[in-house]
Amino acid sequence: MILSGRGVTAVLGPTNTGKTHYAIERMLAHGSGIIGLPLRLLAREVYGRVVERVGAAQVALVTGEEKIAPPGARFSVCTVEAMPRETRASFVAIDEVQLAGDLERGHIFTDRLLHLRGRDETLLLGSGTMKPILLQLLPGITVVERPRLSQLFYAGQKKITRLPERTAIVAFSADEVYAIAELIRRQRGGAAVVLGALSPRTRNAQVALYQEGEVEYLVATDAIGMGLNLDVDHVAFAQDRKFDGYQFRNLNPGELGQIAGRAGRHLKDGTFGVTGRVDPLDDDLVERLESHEFEPVKILQWRTPDFDFASIDALRRSLDAAPRVAGLTRALPAVDQQALEHLARYPEINDLATTPARVEQLWEVCALPDYRRIAPAQHADLVASLFSDLVRYGTVDENFMAEQVRRADHTDGEIDTLSARIAQIRTWTYVSNRPGWLADPTHWQEKTREIEDRLSDALHERLTKRFVDRRTSVLMKRLRENAMLEAEISVNGDVFVEGHHTGQLAGFRFTPLAGMEGSDAKAVQAATQKALALEFEARAARLHACGNSDLAIGSDGVVRWVGDPVARLAAGDHVLHPCVILLADEQLTGIARDHVAARIERFVNHHISTVLKPLDDLSRAEDLQGLAKGLAFQLVENLGVLFRRDVSDDVKSLDQDARASIRRYGVRFGAYHIFMPALLKPSPAELITLLWALQNDGMDKSGYGDLIPVLAAGRTSVVTDPGFDRTFYKLAGFRFLGKRAVRIDILERLADLIRPLLQWKPGSSPRPEGAYDGRRFTTTTAMLSILGATPDDMEEILKGLGYRADSVPAEEAKAFLSGQDVSATPAAGEDAGATESSAEEEASGEEPTPEGAEPVAITTEASSETTIEGADAAEPKNVLLWRPGGRNENQQNARPKGGRAASEERRDGRRPGASAEGKNHGNGAKRGDRQDRGERKERPQRGERDGKPQTARFEAKPPRKEKPIDPDSPFAKLAALKEQMKK
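Residues numbered from 1 in each chain as written. Predicted model: local features only at pLDDT ≥ 70, side-chain atom pairs only at ≥ 80, totals over all residues. Heavy atoms only, no water.

K.L.:
For a negative patch on the surface, give the residues involved together with the corresponding values.
P.N.:
Together, Asp-282, Asp-283, Asp-284, Glu-287, Glu-290 and Glu-293 give the surface a local cluster of negative charge. Relative to the helices and strands, Asp-283 is located in helix α8 (residues 283-291). Its relative accessible area of 67% is what places Asp-283 among the exposed residues. (Patch = residues over 30% accessible without salt bridge, like charges linked within 9 Å, V, L, I, M, F, W, Y side chains within 5 Å. Areas by Shrake-Rupley, 256 points an atom, 1.4 Å probe, with all protein chains shown as cover. Salt bridge = Lys/Arg side-chain N within 4 Å of Asp/Glu carboxyl O. Lys, Arg positive; Asp, Glu negative; His and termini not counted. Charge placed at Lys NZ, Arg CZ, Asp CG, Glu CD. Helix = DSSP H or I, 4+ residues; strand = E, 2+ residues; numbered from the N terminus. Buried < 20%, exposed > 50% of the residue type's maximum accessible area, 1.4 Å probe, protein only.)

K.L.:
Provide a residue-level description of the packing of aromatic side chains, including the pertinent values.
P.N.:
Two aromatic rings are characterised by how far apart their centres lie and by the angle between their planes. Counted according to the given criterion, the structure contains 14 aromatic pairs. With centroids separated by 6.0 Å and ring planes inclined at 65 degrees, the aromatic side chains of Tyr-704 and Phe-728 adopt a geometry described as edge-to-face. Of the two residues, Tyr-704 sits in the loop between α24 (682-696) and α25 (708-712) while Phe-728 sits in helix α26 (residues 727-731), which places them 24 residues apart along the sequence. Residue Phe-728 is classed as buried on the basis of its relative accessible area of 2%. Geometrically, the ring pair formed by Phe-724 and Tyr-729 is tilted, given 6.4 Å between the ring centres and 35 degrees between the ring planes. Each of the two residues, Phe-724 as well as Tyr-729, counts as buried. (Phe/Tyr/Trp six-rings, centres within 6.5 Å; stacked < 30°, edge-to-face > 60°.)

K.L.:
An account of α8 is needed here, citing residue identities and associated values.
P.N.:
An α-helical segment advances 3.6 residues per turn. Residues three or four places apart therefore align on the same side. Among all positions of α8, only Leu-285, Val-286 and Leu-289 are buried. End-on view of α8: buried residues confined to an arc of 100 degrees, all on one side of the axis. Summarising the geometry of α8, the exposed residues directed more than 90 degrees from the buried face are Asp-283 and Glu-287. On the buried face of α8, the contacting elements are β9 (152-158), α7 (253-260) and β16 (270-275). Looking one or two places after α8, you find His-292, whose phi comes out positive at around 60 degrees. (Arc of directions from axis to C-beta. Contact = heavy atoms within 4.5 Å.)

K.L.:
So, the sheet that holds strand β29 (residues 673-675): which residues are in play, and what are the values?
P.N.:
Consider a sheet: its strands pair through backbone hydrogen bonds, and that pairing is either parallel or antiparallel. The antiparallel open sheet is built from three strands, whose spatial order is β27-β29-β28. Lying at the two open borders of the sheet, with one neighbouring strand each, are β27 (641-643) and β28 (668-669). Judged from the two bridges that link them, β28 and β29 form a sheet pairing that is antiparallel. Within the sheet, the bridge partner assigned to Phe-669 lies in β29 and is Ile-674. In the packing of helix α27 (residues 744-759) onto the sheet, contacts are made with β27, β28 and β29, and the angle to β29 comes to roughly 130 degrees. (Pairing = 2+ DSSP bridges. Axes fitted to C-alpha atoms, helices over the stretch in contact; angles between N-to-C directions.)

K.L.:
Can you explain a nonpolar patch on the surface? Please cite residues and give values.
P.N.:
Where nonpolar side chains cluster on the molecular surface, the patch consists of Leu-103, Tyr-246 and Leu-332 and spans about 240 Å² of accessible area. Tracing the backbone through its elements, the reader meets Tyr-246 in the loop between β14 (241-243) and β15 (248-250).

K.L.:
Summarise the pairing of strand β32 (residues 740-743); cite the residues concerned and give the values.
P.N.:
Where burial is concerned, the two faces of β32 agree: the one with Arg-740 and Val-742 and the one with Ala-741 and Arg-743 are both buried. Examined bridge by bridge, strand β30 (residues 717-719) and β32 share three bridges and lie antiparallel to one another. Looking at β32, one finds that Val-718 is bridged to Ala-741. As paired strands, strand β31 (residues 734-737) and β32 are joined by four bridges and run antiparallel to one another. Bridge assignment links Arg-735 to a residue of β32, and that residue is Val-742. Counting the residues that bridge the hairpin from β31 to β32 gives two residues, and of these Gly-738 lies at a positive phi of roughly 75 degrees.

K.L.:
Describe the pattern of salt bridges, naming the residues involved and giving the relevant values.
P.N.:
Taken as a whole and judged by the stated rule, the model has 45 salt bridges. Put simply, Asp-233 and Lys-268 hold a salt bridge, and the shortest N to O gap is 3.1 Å. On the criterion of sequence distance, the pair formed by Asp-233 in the loop between β12 (217-220) and β13 (234-237) and Lys-268 in the loop between α7 and β16 is long-range, its members being 35 residues apart. Here Lys-701 makes a salt bridge to Asp-725, at a shortest N to O gap of 4.0 Å. Taken together, the residues span a long stretch of sequence, with Lys-701 in the loop between α24 and α25 and Asp-725 in the loop between β30 and α26 at a distance of 24 residues. Among the residues examined, Lys-701 registers a relative accessible area of 33% and is labelled partly exposed. Its relative accessible area of 21% is what places Asp-725 among the partly exposed residues. The structure contains a network of salt bridges with shared partners spanning Arg-40, Arg-44, Glu-66, Arg-449 and Glu-452.

K.L.:
Explain the pairing of strand β2 (residues 33-37) to me, and be specific about the residues and the numbers.
P.N.:
Most of β2 sits inside the fold, with five of its five residues counted as buried. Both faces of β2 are covered, namely the face carrying Gly-33, Ile-35 and Leu-37 and the face carrying Ile-34 and Gly-36. Across five bridges, the pairing between β2 and strand β5 (residues 75-79) is parallel. Paired with Gly-33 across the strands is Phe-75, a residue of β5. As paired elements, β2 and strand β6 (residues 91-94) share four bridges and run parallel to each other. Across the sheet, residue Ile-35 finds its bridge partner in β6, namely Ala-93.

K.L.:
Provide a residue-level description of the sheet that holds strand β24 (residues 558-561), including the pertinent values.
P.N.:
Strand order in the open sheet formed by four strands is β23-β24-β25-β26, with antiparallel pairing between adjacent strands. Only two strands of the sheet have a single neighbouring strand rather than two, namely β23 (551-553) and β26 (577-582). Each neighbouring strand pair of the sheet contributes to a mean axis angle of 30 degrees, computed without reference to strand direction. Here five bridges tie strand β25 (residues 564-574) to β26, and the two strands are oriented antiparallel to one another. When the sheet's bridge partners are listed, Ala-570 is paired in β26 with Cys-579. The sheet strands contacting helix α19 (residues 590-611) are β23, β24, β25 and β26, and the helix crosses β26 at an angle near 150 degrees.

K.L.:
Can you lay out the packing of helix α5 (residues 174-188) against helix α16 (residues 441-467) for me, pointing to particular residues and giving the numbers?
P.N.:
As a packed pair, α5 and α16 sit with axes 8 Å apart at the nearest point and diverge in direction by 50 degrees. Comparing the axis directions of α5 and α16 gives the class oblique. Seen from α5, the contacting residues are Tyr-178, Ala-181, Glu-182 and Arg-185; seen from α16, they are Leu-463, Arg-466 and Phe-467. Looking at the contact of α5 with α16 residue by residue, the class counts come to four nonpolar, no polar and three charged. (Parallel < 35°, antiparallel > 145°, perpendicular 65-115°, else oblique. Nonpolar A, V, L, I, M, F, W, Y, C, P; charged D, E, K, R; others polar.)

K.L.:
Which residues make up unusual backbone geometry, and what values go with them?
P.N.:
Positive phi is not limited to glycine here, since Arg-166 has a value of about 60 degrees. With respect to the secondary-structure elements, Arg-166 resides in the loop between β9 and β10 (167-170). Using a relative accessible area of 14% as the deciding quantity, one classes Arg-166 as buried. Backbone geometry places His-292, a non-glycine residue, at a positive phi of 60 degrees. Along the chain, His-292 falls in the loop between α8 and β17 (300-302). By relative accessible area, His-292 is classed as partly exposed at 24%.

K.L.:
Let's hear about the side chain of Thr-63: which residues, and what values?
P.N.:
On the secondary structure map, Thr-63 appears in the loop between β3 (59-62) and β4 (67-68). Beyond its immediate stretch of four places on either side in the chain, Thr-63 contacts Arg-40, Thr-79 and Ala-82.

K.L.:
Account for the nonpolar core, naming residues and giving values.
P.N.:
Core analysis: the biggest nonpolar cluster contains 73 residues, and Phe-508, Val-559, Leu-576, Ile-600, Val-604 and Leu-612 have the highest contact counts within it. Per-element accounting of this core gives the leading share, eight residues, to α24. Once residues within four sequence positions are removed from consideration, Leu-576 is found in contact with Ile-608, Leu-612, Leu-615, Val-636, Leu-639 and Leu-691. Residues Val-219, Ala-339, Val-431 and Leu-455 belong to the second largest nonpolar core, which totals 66 residues. (Core = buried A, V, L, I, M, F, W, Y, C linked by side-chain atoms within 4.5 Å.)

K.L.:
Give a description of the confidence of the model for the protein that names residues and reports values.
P.N.:
This prediction gives the protein a mean pLDDT of 82; 81% of its residues lie at or above 70. Counting interchain partners and residues more than four positions distant, the pLDDT-below-50 stretch residues 824-874 has 121 contacts. Long-range and interchain partners of residues 887-962, a stretch whose pLDDT sits below 50, account for 88 contacts in this model, where long-range means more than four residues apart. (pLDDT = per-residue confidence, 0-100.)

K.L.:
Would you mind going over helix α10 (residues 335-343) in detail, with residue names and values included?
P.N.:
If you check which residues of α10 are buried, you get Asp-336, Gln-337, Ala-339, Leu-340 and Leu-343. For α10, the arc enclosing every buried residue in end-on projection is 160 degrees, short of the 170-degree limit, so these residues lie on one face. Looking at the packing, one finds that the buried side of α10 touches α9 (312-319), α11 (347-352), α12 (356-366) and α13 (376-393).

K.L.:
Tell me about the environment of Ser-818, and please be specific about residues and values.
P.N.:
Relative to the elements of secondary structure, Ser-818 occurs in helix α30 (residues 810-822). Side-chain polar atoms of Ser-818 contact the backbone oxygen of Lys-814, separated by 2.9 Å. (Polar contact = N/O pair within 3.5 Å; in protein donor to acceptor, adjacent residues only side chain to side chain.)

Below, the structure written as structure tokens:
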């Protein structure tokens, strides 16, 4: 084989040297010409440029899938595979000739650069690495080396989200390309996608997105290295390994240089680098890429151009021929040769391919590209079907083709589905463009082209919808045009700049969306802040004029205006006057900020004074004096609830006028508590809990806010949670009593039920249910009902209140009560006297059912019964007899005052401390006939509390005649009424 390079010029150099532009200019200088390009996409681009210069009637486009051939066209733009083996054209150019070393397509480029010549001029365009091998293979060739128009610099390693605009990110699998594009869409607004598997129309549309500035990033495979003219400033490698059709391998420096060279156009310098997923390039490789110095191509792929069509076997042998020229190597079997190898084993194909013409036709059919990337055997089956039709019928079966085309004619589905349909329709587009294969090729060319265009458009739409945020792309374009950005705020607080959602405005705080960075982000933020400044002023005016119904305080201490947080409460100088801290950005300033702060503070004060009106009125009371004022102060400090035992001395010291003055503010003097019933409701209790938590850092404490729903549900008692802070029970209006907590007002109702049982005197009026001996009582159904408790719960509650239980056998208790019930009915005077005594005790504030010591967990073996009569005679049980207890009860029981006489009196049922004479007064005489109530002052005390004498709970009360009865007391009125009835 003797080759010659006479009349051939090789224009070599790195990317961005203007080689393709030079070739176009040289071709148009001739009367006719052909230019071969490596990609159908690039062929389309060059075809458009030539048409602009000489008109569509003068230019033909020939690719494997497309043929535009105006009659008399002088210039042809082709893919290298579609270039004729011989031509009469004056000019021939072959681009990217370094692909002659490619394992898959190299033999085609080698064949064209060795054999295809123009009559007057032939240009070979490619990388400088081809110079030695071209000089070797084509003696006499003229080599012209062109320098790069701009410089290329290494920019190091950067995260994908940190890459500059106008960047092409390169990966080598569709999955990786899609993943990177998705990340860019979320972080930077969107990216165009270019893959070799996309149809040319789809790739053109995606490239247009990038070129027109709708997106600032391009994610592509190495397809961009094949002469695509893109305005790329930076190329970033997200992978440095690829599958070349045979194996996974690292890219060689020449391939890296070809791709990296896409950065920088014309005189503008470019940069290249790697992403965070790739190790930084070593210094030696960087230097070679920047200086464009790569290992020369030493071997070109070659396959014989002399095919022997005598038989299938003869054709196979000719394909196995080895080159006889140094620098060439036999190419690996390509798709067409692989298909032939499979078909050679089909008996029906051997029966049909019996003549050289049919073998040549078989080889022509084997050239069908495998667009679908299916298995070689499956592709061979399709080739066999087409060849059989051509031999038997002269053309491909149009019914079979119509069915295949129909299956591909659907634009629904996602990206992968549409890509597969495009690959399928491209196969039939190729078939329709082969001369002599179809009876009506024009119809099928138009049909398949129409379907491919629609599928390509649908795929472009899906890619754009998935990987491009249209609003972001428009925004970026406006920013590059330095246009004034328009911002708007929706009614629900969404902030938009040029239709792009930039953040959320809640109240007076703006939260920007993540992902906005760089100079564009600054411009967007500036437009956003300008809109917010005006909106803040408008909102401040609306809030200042709003009604109280538009504002609310949540359990988290946040003040909300029509749902948006505008302030939060914090601890202040007083529990009823918390501090108000605005939740507003710096844009809310000056008078607007002052108006907002004043309006919120006014609302908070109004809300507290309204919801907690009784407490607020008490805190402002000016008619209270002395001890009454001090007790009111303590009530306010304790948010409306005091344990009576804590202020018992103060209460005893109050005269009736002082008591009446406090009662007028809604304060109730109960047996166990001094409290304000109006505050024992969900709304006041919730606000009280919040105010206490603000003052005591209690929002993070266990149980905060958990008891308000219980109160709102109307529960009178609840099982306690040992993990909750006990204070929350009190704030919600409950009394913590060990394992159970009871609402405060319900406990006072319990005291009202217990009081008559302890005031009853044996032998007097008919015994009330639950009364026993005047000193002790049993629990009743009424008690259980108001507490919503079981007998076991009742035992816990009474113990928590300081009562103590005596266990008595049921039979003994029943016998004792039978004796009490036989007693005579007292006269009317006795009953009135007892009532009068009770009225005096209530009026004096000394309830006859006093609270004992702090709740103490007491374990008893006796079981409680609601009534004595309910005891089971068949299975006797002990009955619990409850009596008031005290701190020093155990000591008093061990050493009773009064010596032996006192002990005997206890056994006889007399009150401790009573004299023998006093026995008749306590059991036989009328209470109204007592001559001297003051003698009890000289009786021994049961114990002391806080260093002051404390009268035993079940002893007779000391005289109270020196204290006038409160005329507002219902008990005083009842006593007066009974006095009138006596008369």
